[in-house]
Protein chains: 4
Amino acid sequence: MSPRKNAPSVAPPAELPAPGAPARKAPAPRQRRKEARPQELLAAALELFVEKGFAATRSEEVAQRAGVSKGTLYLYYPSKEELFKAMVRESLSSRIAEASVLISQYEGATTELLHRVMHLWWTEVGLSPAGGITKIMMAEARNFPELASFFHEEVIAPTQALLAQVIQRGIDRGEFRPVSPMMTVQVLIGPMLHLVLFQHSFGACAHLPCENPADVLALEIDLLLHGLCPRPAAG
Amino acid sequence: MSPRKNAPSVAPPAELPAPGAPARKAPAPRQRRKEARPQELLAAALELFVEKGFAATRSEEVAQRAGVSKGTLYLYYPSKEELFKAMVRESLSSRIAEASVLISQYEGATTELLHRVMHLWWTEVGLSPAGGITKIMMAEARNFPELASFFHEEVIAPTQALLAQVIQRGIDRGEFRPVSPMMTVQVLIGPMLHLVLFQHSFGACAHLPCENPADVLALEIDLLLHGLCPRPAAG
Amino acid sequence: MSPRKNAPSVAPPAELPAPGAPARKAPAPRQRRKEARPQELLAAALELFVEKGFAATRSEEVAQRAGVSKGTLYLYYPSKEELFKAMVRESLSSRIAEASVLISQYEGATTELLHRVMHLWWTEVGLSPAGGITKIMMAEARNFPELASFFHEEVIAPTQALLAQVIQRGIDRGEFRPVSPMMTVQVLIGPMLHLVLFQHSFGACAHLPCENPADVLALEIDLLLHGLCPRPAAG
Amino acid sequence: MSPRKNAPSVAPPAELPAPGAPARKAPAPRQRRKEARPQELLAAALELFVEKGFAATRSEEVAQRAGVSKGTLYLYYPSKEELFKAMVRESLSSRIAEASVLISQYEGATTELLHRVMHLWWTEVGLSPAGGITKIMMAEARNFPELASFFHEEVIAPTQALLAQVIQRGIDRGEFRPVSPMMTVQVLIGPMLHLVLFQHSFGACAHLPCENPADVLALEIDLLLHGLCPRPAAG
DNA sequence: TATGAATGAGATTTCATTCAT
DNA sequence: TATGAATGAAATCTCATTCAT
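Residues numbered from 1 in each chain as written. Chains lettered and ligands numbered in written order. Predicted model: local features only at pLDDT ≥ 70, side-chain atom pairs only at ≥ 80, totals over all residues.

Visitor: Quick question: what am I supposed to make of the overall build of chain A here?
Guide: The secondary structure content of chain A amounts to 10 helices and 0 strands. Starting at the N terminus and ending at the C terminus, chain A contains elements arranged as α-α-α-α-α-α-α-α-α-α. Going through the 235 residues of chain A one by one, you find that 36% of them count as buried. Excluding contacts between residues fewer than 6 apart, the proportion of contacts in chain A whose partners are at least 24 apart in sequence is 63%. (Helix = DSSP H or I, 4+ residues; strand = E, 2+ residues; numbered from the N terminus. Buried ≥ 20, exposed ≤ 12 C-beta atoms within 10 Å, placed from the backbone. Contact = placed C-beta atoms within 7 Å.)

Visitor: When you look at the UniProt feature "DNA-binding region" (unreviewed entry) in chain A in this model, what are you seeing that I'm missing?
Guide: Those residues carrying the UniProt feature "DNA-binding region" (unreviewed entry) are residues 58-77 of chain A in this numbering. Each end of residues 58-77 of chain A is marked by a C-alpha atom, and these two atoms are 14 Å apart; helix forms 70% of the span and strand 0%. (UniProt positions renumbered as here; feature names shortened; annotations may be inferred.)

Visitor: I would appreciate a short explanation of the packing of helix 6 (residues 110-126) of chain A against helix 9 (residues 181-200) of chain A in the present structure.
Guide: Angle between the axes and distance between the axes: these two values describe a pair of packed helices. All names here are of chain A. Following both chains from N to C, one finds helix 6 and helix 9 inclined at 20 degrees, their axes separated by 12 Å at the closest point. With respect to their mutual orientation, helix 6 and helix 9 come out roughly parallel. In terms of crossing hand, the pair formed by helix 6 and helix 9 is right-handed. Only M192, L195 and V196 of helix 9 make contact with helix 6, whose side of the interface consists of M118, W121, W122 and G126. Across the contact of helix 6 with helix 9, the residue classes tally to 6 nonpolar, 1 polar and no charged. (Axes fitted to C-alpha atoms, helices over the stretch in contact; angles between N-to-C directions. Parallel < 35°, antiparallel > 145°, perpendicular 65-115°, else oblique. Left-handed = near helix turned anticlockwise from the far one by under 90°. Nonpolar A, V, L, I, M, F, W, Y, C, P; charged D, E, K, R; others polar.)

Visitor: Help me out: how do you make sense of the UniProt feature "domain: HTH tetR-type" (unreviewed entry) in chain A in this one?
Guide: When the UniProt feature table is mapped onto this chain numbering, "domain: HTH tetR-type" (unreviewed entry) sits at residues 35-95 of chain A. Between the end C-alpha atoms of residues 35-95 of chain A there is a gap of 22 Å, over a span that is 75% helix and 0% strand.

Visitor: Even after reading the chapter, I still don't get the environment of C:L223, so can you show me in this structure?
Guide: By the secondary structure assignment, C:L223 is in helix 10 (residues 213-226). Sequence separation between C:L223 and C:R177 is 46 residues, and the spatial gap between their C-alpha atoms is 15 Å.

Visitor: Got a minute to help me understand the packing of helix 6 of chain A against helix 8 (residues 145-172) of chain A in this structure?
Guide: All names here are of chain A. Running from N to C, helix 6 and helix 8 point in directions that differ by 165 degrees, and their axes come no closer than 9 Å. By the angle class used here, helix 6 and helix 8 are roughly antiparallel. Here helix 6 and helix 8 pass one another in a crossing that is left-handed. In this structure, helix 6 uses T110, L113, L114 and V117 to contact helix 8, whose residues at the interface are V166, R169 and G170.

Visitor: Mind showing me how you'd approach helix 9 (residues 181-200) of chain D here?
Guide: Along an α-helix, a turn takes 3.6 residues, which lines up residues three or four apart on a common side. Over its 20 residues, helix 9 of chain D runs 28 Å from end to end, which matches the ideal 28 Å to within 8%, given 1.5 Å per residue. Residue D:G190 marks the point of greatest curvature in helix 9 of chain D, where the axis turns by about 30 degrees; the proline D:P191 follows within four residues. (Expected span 1.5 Å × (residues − 1). Bend = angle between axes of the 7 residues up to and from the residue.)

Visitor: Teacher, can you tell me more about the confidence of the model for chain A here?
Guide: All names here are of chain A. When pLDDT is averaged across chain A, the result is 81; 80% of the residues are at 70 or more. In the model of chain A, helix 1 (residues 3-6) stands out as the element of lowest mean pLDDT, 44, in contrast to helix 3 (residues 59-65), which has the highest, 96. Here residues 1-27 is modelled with pLDDT under 50, and outside its nearest four sequence neighbours on either side it reaches 17 contacts, counting other chains as well. (pLDDT = per-residue confidence, 0-100.)

Visitor: Hey, could you run me through the environment of B:T134 in this one?
Guide: All names here are of chain B. Looking at where T134 falls in the secondary structure, it is placed in helix 7 (residues 131-140). On the basis of neighbour counts, which here come to 24 C-beta atoms within 10 Å, the residue T134 falls in the buried class. When the C-alpha atoms of T134 and L193 are compared, they prove to be 8.3 Å apart, with 59 residues separating the residues in sequence. Here T134 is in contact with L193 and V196, once residues within four sequence places are set aside.

Visitor: Help me understand helix 10 (residues 213-226) of chain D in this model?
Guide: Here helix 10 of chain D contains 14 residues, and its C-alpha end-to-end distance of 20 Å stays within 8% of the 20 Å for a straight helix at 1.5 Å per residue. For helix 10 of chain D, every residue scored as buried is listed here: D:V216, D:L217, D:E220, D:I221, D:L223 and D:L224. Looking down the long axis of helix 10 of chain D, one finds its buried residues gathered within 165 degrees of arc, a one-sided arrangement. Here the buried face of helix 10 of chain D lies against helix 9 (181-200) and helix 10 of chain C together with helix 6 (110-126) and helix 9 of chain D. (Arc of directions from axis to C-beta.)

Visitor: Hey, could you run me through the environment of C:I189 in this one?
Guide: Assignment of secondary structure puts C:I189 in helix 9. Between the C-alpha atom of C:I189 and that of C:L163, which follows or precedes it by 26 residues, the distance is 9.0 Å.

Next comes the structure, spelled out in C-alpha cells:
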C-alpha cells in the first residue's frame with residue numbers, strides 16, 4: 001500500500017460539481033446482486049476469452065462487460081486463471097454430463113446414436129460461444145501449462161472416453177467394422193473441431209464465403225459412415 | 001497478462017556455450033554472411049511463433065535465437081507483423097506451389113493421388129514446425145485481422161482450391177461419388193488439421209498418451225474412402 | 001508494492017475452528033457485548049500494526065481478527081489513522097502515567113529508582129506487543145507526519161521528561177555526576193529501545209542466536225552506572 | 001502482451017503538433033551512459049528507501065530521481081528487491097570492510113580504538129543517508145523475510161563480530177573488565193543506533209529540539225567507559 | 001550495417017473507504 | 001448497529017519500437 005493513499009492529500013480539491021451541471025453522474029448505481037454476479041461474470045468471460053484468447057483479454061474488460069468494476073471481479077475470482085477455469089466448468093463440463101446420460105440410456109442403432117451425439121454437440125457447443133474455448137486452449141496450451149492440464153482432464157479426456165464408448169457399442173453390435181475406438185474418435189472429432197475452430201477464427205472475420213457448416217457436417221458423417229468410394233455392389 | 005509470467009518457461013535452454021568451446025564459431029565475429037540473416041531470422045521466428053503464438057513471442061527473443069541484436073531484426077523487418085508474414089511466405093507458400101505441380105502432372109488413380117497429396121502435406125507441413133502456423137493463426141485471427149486476411153489469401157484459399165481440384169478429378173473419372181468438392185475438402189482437411197493442432201498444443205505438453213498420429217491419419221483416409229459401415233455385398 | 005505479494009505470509013494461521021468445535025462460541029451469534037468492541041478492535045490493531053507496520057496492515061484484517069466486519073471497524077474509528085491513534089493511547093499513554101506516579105512517590109536511592117523504572121518499562125512495554133509500536137513509528141514517521149507529531153507529543157516527550165527527572169534527582173542528591181539530564185536520557189533509552197526494536201524485527205525472524213535481552217539490559221545498566229573501565233583504586 | 005499494442009490502432013490520430021507549437025518537446029534527450037547508471041540508480045534508491053521505506057517507495061520514483069524512465073530501472077535491476085540488495089551492498093558492505101582493516105592494524109590503546117571505530121561509523125554511516133537503511137530494515141523485516149535474512153548476513157553479523165573483536169582485545173590487554181563481548185556489543189550499538197534511527201524518523205520531521213547527536217554520542221561513550229557513578233577514590 | 005540503452009503505454013492485482021441493505 | 005459488495009486509484013513489471021553511436 002502506498003502511504004499516499006492514507007496520508008490525506010494536501011487539500012482535497014473541493015468536490016463540488018459546477019452548479020447547474022448534471023451532478024457528475026454518480027459513478028455507478030453500485031447495484032448489489034451477489035447471486036447473479038458469478039453468472040454474469042462467467043458469461044462475459046466466455047465471450048471475451050473466445051473472442052480474443054486468454055492472454056489478450058484484459059480482466060478489466062471482462063468486468064466492464066459484466067457491468068461491474070475491476071475490483072469486483074477479483075471479489076469473485078482470485079485471478080484471471082481461476083476465472084477461466086470457472087468459465088470452462090460452467091460452459092463445458094455440464095454438457096459432457098448431459099451427453100453421458102443420453103448415451104447410456106440410448107437403445108436404438110449405433111449409427112443413429114452417433115448422429116445424435118454429434119448433432120447435439122454441434123448445436124449445444126459448436127454453435128454456441130462455448131465452441132471457441134477449444135480454439136483458445138489450443139493456442140495457449142503451451143504458454144499456460146497448468147490451464148492445459150486442467151482442460152485436458154476436465155474436457156478432453158471425458159469427451160474422448162464418451163465417444164469411444166459409442167464406437168465400441170457399434171462394434172460390439174456388429175454395426176461397425178472392428179476399428180480402434182480411440183483412434184476413430186480422433187477421426188470423428190477432427191472435422192467437427194475444425195469446423196468450430198474455423199467459425200471462431202477466420203469465420204468471424206467477415207471473409208470469403210465459408211461453406212455452410214451444417215452441410216459440411218452432414219457430409220462428413222455420411223462419408224465417414226459410408227465412404228467416399230461408391231459401393232461395388234451396392235444393390 | 002504476459003504468459004511469461006505465468007508459464008514458467010519450461011527450462012530456458014542453456015544459452016551458454018560449453019566453456020572453452022569456440023563460441024559456436026561464427027565465421028567472423030562481426031562480419032557474418034549477411035545474405036543468411038533473413039533465413040536465420042525467419043527460422044527463429046517460425047520456431048518461436050509456433051511455440052508461443054504471435055502476441056506472446058517477444059521480438060527480442062526472435063533476434064536472440066537468430067544470434068543478432070534486437071535492433072538488427074528491425075533492420076530487416078519493419079515490425080513484428082511483417083516478420084510474421086515473411087515467415088509464412090517462406091514456410092507455406094512454397095509448399096503449396098510444389099503440391100500444385102504434383103497434382104497437375106499426376107496420371108494415376110485419384111484415390112492414389114489423394115493419398116499422396118495428404119501424405120505429402122502431412123510429412124512436409126504437418127510434421128514440421130510449419131504445421132503450427134495454422135494453430136496460431138486460428139487463435140490470433142480476430143486480434144490481428146490484417147494478418148488473418150493475409151493468411152487466408154496466401155494459404156487457405158490456394159490449399160482448398162488445390163484439393164477441390166483433386167476431388168473434382170475423382171468425380172469426373174467416376175472414382176468418387178458426386179459430392180460437393182469444396183465441402184468435401186473441408187471434411188478432408190478437418191482431421192488432418194486437428195491432428196496437427198493437437199500435436200502443437202496439448203501434444204506438446206507431456207500429457208496423456210496421444211494416439212499415434214500417423215495411424216490416425218491412415219485410418220481417417222481409409223474411413224473417408226470406404227466408410228465405417230461394412231459393405232453389404234463386399235464381394 | 002504490497003508486502004503481501006512478496007512476503008509469502010509465514011503460514012496463514014488456519015482460521016478454521018477445529019471441525020466440530022463450538023466455533024469459539026461468541027456469547028451470542030449476533031448480539032455480542034457492544035461495549036467490548038473497541039477494546040477488541042484495539043487489541044487486534046495493536047497486534048497487527050506491530051507485526052506488519054501501519055501501511056502494510058489491511059484494515060479488513062484488523063476487523064477480521066477482532067471478529068467483526070470491515071464496515072463495523074469504520075463505525076468505531078473513522079479511518080485507519082484514527083484507529084492507530086486510539087491504539088497508541090490505549091497501549092502507551094496509560095503506562096506513562098503509572099511510571100510518573102512511581103517516580104514522584106519514590107524515596108530511596110536514585111540508582112535503585114533508575115533500576116526499577118527501567119525494569120518496569122522493560123516488562124510492561126518492552127516485552128509486550130506495545131514495544132513494537134515504537135518500531136513502526138520510526139519507520140512510518142516520514143510517510144505519516146501527522147501520526148509522527150501525535151506520537152511525539154503523546155509518548156516520546158512525556159517519557160523523556162520523566163526520565164530526565166530521575167537523572168536530575170540523582171544529580172541533586174550527589175549520586176550522579178553532573179551530566180546533562182536530557183542527553184543522558186537519550187543514552188539510557190538507546191539500548192533499551194534497540195533491544196526492543198531488535199526483538200520486534202530481526203528477533204521475530206527465527207534467526208541467528210540473539211543474546212538474551214534481559215542479560216543485555218542488566219549489563220547495560222551496570223556499565224552505564226559503573227563504566228567499562230576498572231576503577232583505579234576501587235577499594 | 002496485448003494485441004492492441006500490435007494491431008495498429010484504427011487510424012492513428014495524426015501526430016502533428018499544432019502549427020506554431022514548440023514541437024512537443026522531444027520526450028527526453030535519451031542520454032546514454034551505461035557505466036554511470038547503476039551508481040545513479042543506487043544513489044536515488046538509497047535516498048528514497050531511507051526516506052519512505054522499502055514498500056512505500058515506488059520504483060518509478062527511484063527511476064525518476066535518477067533521471068531515467070521506469071523501464072530503464074528494470075534494465076539494471078530485475079526487481080525492487082534486487083535493487084534494494086544492490087544498494088545495501090554499495091552503501092554498507094564496503095564500510096564494514098574498511099573498518100575491519102582499521103581494527104586489525106591498530107596498535108594503540110583499546111579505549112582509543114573503540115572511540116575511533118565508533119566515530120568512524122558515526123561519521124561514515126550514521127550521518128550519511130546510509131544510516132537510515134537500518135531503520136527500514138527493522139520496520140520491514142517481518143514483511144520481507146528474505147530481505148531480512150540478506151541484511152542480517154551481509155551487515156548485522158559482520159558488524160557485531162567486528163566490535164566483539166575490539167572488546168575482546170580490551171579484555172585481553174587488561175583494559176576492560178571481563179564482560180561478555182557479544183553482549184557488550186549490543187550495549188555499545190544500542191544508543192548509536194537509536195540516535196541514527198531517531199535522526200531518520202522523528203528527527204526528520206521538523207520537530208521539538210533534538211539534543212545534538214554528536215554530544216549525546218560523546219556522553220554515551222564517556223558513560224560506558226567510566227560509568228555514571230562517581231569513582232569512590234578517584235584521585 | 002549492427003548494437004543495445006532507453007522509453008512509456010499497459011496489464012494484473014490490492015485495498016481504504018463507502019453505502020445499500 | 002452491523003454487514004460485506006462495490007469502487008477505483010495505485011503499484012510492479014513487460015515489451016515493441018526507436019535512435020545515438
